[in-house]
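# Examining the three-dimensional arrangement
Below are the chains, spelled out letter by letter.
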Amino acid sequence: MEFLYLKEILLIAIFIVVLIFIKRQRYLAQQRELIYGKRLKEAQSQIQEYISDLDNLIVMLVGIHEFGMTATGIVSKEELTQLVVDSACKLMRTDKGSLMLLSHETNELTIAASQGLSPEVVSTTRIKLGESISGKVAQTGRAIFVEDIETDMRFMRANNVHYPSKSFISVPLRVKNRIIGVLNINAQEPNARFEERDVRLLTILADQAAITLENIELYSNLQNFYLEMVQTLARAIDAKDSYTHEHADRARKYARLIGMKLNLPEVMIRHIEYAALMHDIGKIGIDENILHKPGKLTEEEREIIKKHPAIGNRIIAPVAFLSPVAPMVLYHQEWYNGQGYPEGLAGEEIPLGARIVAVIDAYDAITSDRPYRKALPKEVAVQELKKGADKQFDPKVVNAFLKVLEEEKQEKTSKDSSII
Ligand SMILES: [Fe+2]
């Protein structure tokens, strides 16, 4: 009897143990599901974060690449510095930034380009090496990153009254071991914060910018060297044809002003300047007796003189840096209506540089002493240009030139009145 109970009790106990085991397994399975589910969610949101970080990074790298591509076509320091600031602001999602260049003569940083700063701040800001944040960055060559200026013990908020944001990055522009300037970027919203990653990206951009700036400097030195060479040649032509003394220098000045008036790119203005200086270089190959003949030229002599654009083209075309100038020299005697020489090109077929040189050349010829007459007044030349618009000259170029002359006249009048 006792034995029988014991058996039942044992069975019940086994049943209970099995039941507990099953329940525990279920519980553990539920817990596992919960944990895995939670982890899965966490992992999913982490992956999402990584993906959006990667997306941002790609956008930024594309931005830096775009900057590099655009920067290679730029030849002026002003254009490049502005592009650097604009690209940096775009990358950092802000509209406040500046690029400062260091003068090694005064050891001062001045603002070369900016976004979101008043013209007064831009023109008056001067920061000594070692002073303020930009000055420290320029002195040490190390970037400064302030996540929140109000909690950053290194800086006083009052020193940065021009910068309404709390977070900013200042990185050096370095060429080899030389610091040439500083790029400053401020966060857009008052509460927006930059991150360490932004510093690294901005450093990449600043390094690229510094190298491009240095190249522009070298290129500009080389261009100035060329320009001096071309000027020497142009003066040699002037000396040969004494009636056009200083003709080339004047032509160059007007070429730049017309180019600017027509909003042409700097590189093109340079080429037109060269063309204005050198357009008559082919006269070197023309007999001086014909060039200086005081009386009327014979048909044959006129044909000889007409060869000077082609001779000029042959002199210039083989020089690599002058190759864009050669067509401007070759076609500077073409007429807008197609009645010029050497090929009778018309309208837009004539290179713009050649159309500009044609207008300047005609104006200068009328207002200078010639072998057969004295110089005529500027008003006569202006009337001739107006008459020649659409026939000999491109009317757009004539218009731009007339504006340049008008501004020159006004400037002279105000100068004269200030002397009085
Ligand atoms: Fe000419």
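Within each chain, residue numbers correspond to sequence positions counted from 1 in written order. Only residues with pLDDT of at least 70 are given local features in this predicted model, and only at 80 or more are side-chain atom pairs given and counted; all residues enter the totals for whole chains, interfaces and linings. Only hydrogens and water are set aside; all other atoms, that is, all heavy atoms of the structure, feed into the side-chain values.

The helix and strand tally for the protein stands at 14 helices and 6 strands. In this description the radius of gyration comes from C-alpha coordinates, and the expected globular size is given by 2.2 Å times residues to the power 0.38. For a compact globule of 420 residues, the expected C-alpha radius of gyration is about 22 Å, and the protein comes in at 37 Å, more than 25% above that figure. Summarising its shape, the C-alpha atoms of the protein cover approximately 155 × 50 × 40 Å along the three principal directions. Looking at the protein alone, contacts between residues at least 24 apart form 58% of all its contacts between residues at least 6 apart. Per-residue accessibility takes into account occlusion by the displayed protein chains alone, with areas from the Shrake-Rupley method and a 1.4 Å probe. Just so you have it, the protein exposes about 24,600 Å², and 58% of that area is on carbon and sulfur atoms. This count recognises Lys and Arg as positive and Asp and Glu as negative, with His and chain-terminal groups excluded. For this purpose, a charge sits on NZ of Lys, CZ of Arg, CG of Asp or CD of Glu. Side chains of the protein carry 53 positive and 57 negative charges; the gap between the two charge centres is 3 Å. A run of H or I in DSSP counts as a helix once it spans at least four residues, and a run of E counts as a strand once it spans at least two, with each numbered from the N terminus. Here, two residues are considered to be in contact whenever any of their heavy atoms come within 4.5 Å of each other.

Time to look at the side chain of Glu334. Assignment of secondary structure puts Glu334 in the loop between helix H11 (326–330) and helix H12 (352–366). Here a polar contact is recorded for every N or O atom pair within 3.5 Å, except that within protein the pair must consist of a potential hydrogen donor and a potential acceptor, and residues adjacent in sequence are included only if both atoms are side-chain atoms. For Glu334, the side chain forms a polar contact with the main-chain nitrogen of Leu345, separated by 3.1 Å. Beyond its immediate stretch of four places on either side in the chain, Glu334 contacts Gly340, Tyr341, Pro342, Glu343, Gly344, Leu345, Ile350 and Gln392.

Looking at where Val382 falls in the secondary structure, it is placed in helix H13 (residues 378–388). Between the C-alpha atoms of Val382 and Asp95, which are 287 residues apart in sequence, the distance is 46 Å. With residues near it in sequence (within four places) discarded, Val382 still touches Leu402 and Leu405.

The next point concerns the domain arrangement of the protein. Domain start and stop points were drawn from an automatic or database domain assignment. By the assigned domains, the protein splits into domain 1 (71–217) and domain 2 (241–414). Of note, the centres of domain 1 and domain 2, computed from C-alpha atoms alone, are 44 Å apart.

Before going further, it helps to spend a moment on the sheet that holds strand S2 (residues 108–115). Two strands qualify as a pair provided that DSSP identifies no fewer than 2 bridges between them. Strand order in the open sheet made by the 6 strands is S3-S2-S1-S6-S5-S4, with antiparallel pairing throughout. Taken across any chain shown, the strands that pair with only one partner, and hence form the sheet edges, are strand S3 (126–128) and strand S4 (144–146). This sheet shows a mean twist of 25° between the axes of neighbouring strands, independent of strand direction. Sheet analysis places strand S1 (residues 96–103) next to S2, joined by 7 bridges and oriented antiparallel. Pairing of Leu102 across the sheet is with Leu109, part of S2. Angles shown run from 0 to 180 degrees and are taken between the N-to-C directions of axes, each axis being a line fitted to C-alpha atoms and, for helices, limited to the stretch in contact. Packed onto the sheet, helix H4 (residues 132–140) meets S1, S2, S3, S4, strand S5 (168–175) and strand S6 (178–186) and runs at close to 35° relative to S5.

With water excluded from the atoms, a metal site may look incomplete; its donors are any N, O or S atoms within 2.8 Å, or within 3.2 Å for Na, K and Ca. Looking at the metal site, the iron ion is ligated by Asp280 (OD), His308 (NE2), His332 (NE2) and Gln333 (NE2), spaced 2.2 to 2.5 Å from it. Every donor counted, the 4 donor atoms about the iron ion form angles of 80 to 166° at the centre, which fits irregular coordination. Going along the chain, you hit the donors of the iron ion in the pattern D-x27-H-x23-H-Q. With Asp280 in the loop between helix H7 (266–278) and helix H8 (288–291) and His332 in the loop between H11 and H12, this residue pair connects regions lying 52 residues apart in the sequence. We call a residue buried when its accessible area falls under 20% of the maximum for its residue type, exposed when it is over 50%, and partly exposed in between, using a 1.4 Å probe and counting protein chains only. Given the relative accessible area of 9%, Asp280 is considered buried. Any site counts as irregular unless it has four donors with all angles between 85 and 135 degrees, making it tetrahedral, or four or six donors with opposite ones more than 155 degrees apart and the rest between 65 and 115, making it square planar or octahedral.

Another point: the pairing of S5. Most of S5 is tucked away: 7 of the 8 residues are buried. Where S4 and S5 come together, 3 bridges link them in antiparallel fashion. Each bridged residue has a counterpart across the sheet, and for Phe145 the counterpart in S5 is Ile169. Bridge count for S5 against S6 is 8 bridges, and the pairing is antiparallel. Across the sheet, the residue bridging to Ser170 is Asn184, located in S6. As consecutive antiparallel partners, S5 and S6 are separated by 2 residues, and within that stretch Lys176 has a phi angle of approximately 55°, a positive value.

It is worth spelling out H13 at this point. Considered for burial, the residues of H13 that qualify are Ala381, Val382, Leu385 and Gly388. One side of H13 holds all its buried residues, which, seen down the axis, span an arc of 130°. Pointing more than 90 degrees away from the buried face of H13 are the exposed residues Glu379 and Lys387. Following H13 by one or two positions, Asp390 has its phi on the positive side, about 80°. As used here, the arc belongs to the directions running from the helix axis to the C-beta atoms.

A few words now on the nonpolar core. Taken as a class, soluble globular proteins show a tendency for nonpolar side chains to be buried jointly. The nonpolar core is taken to be a set of buried Ala, Val, Leu, Ile, Met, Phe, Trp, Tyr and Cys residues, with the residues joined through side-chain atoms within 4.5 Å. By size, the foremost hydrophobic cluster in this structure holds 42 residues, and its most contacted members are Ile258, Ile316, Leu322, Leu385 and Phe401. Every element with two or more residues in this core is listed here: helix H5 (196–240), helix H6 (247–261), H7, H11, H12, H13 and helix H14 (395–419). The residues touching Phe401, leaving out its near neighbours within four places in the chain, are Tyr254, Ile258, Val359, Tyr363 and Leu385. With 34 residues, the next largest nonpolar core counts Ala71, Leu91, Val171 and Leu202 among its residues.

On to the environment of Glu408. Relative to the helices and strands, Glu408 is located in helix H14. Sequence spacing of Glu408 and Leu83 is 325 residues, and the spatial spacing of their C-alpha atoms is 31 Å. Once residues within four sequence positions are removed from consideration, Glu408 is found in contact with Lys253 and Tyr254. In this structure the side chain of Glu408 is engaged in a polar contact, spanning 2.9 Å, whose partner is the side chain of Lys253. Polar side-chain contacts of Glu408 include one of 3.0 Å to the side chain of Tyr254.

Expected helix span is given by 1.5 Å per residue-to-residue step, counting one fewer step than there are residues. The first and last C-alpha atoms of H12 sit 22 Å apart over 15 residues, in line with the 21 Å expected at 1.5 Å per residue. Most of H12 is tucked away, with 13 of its 15 residues classed as buried.

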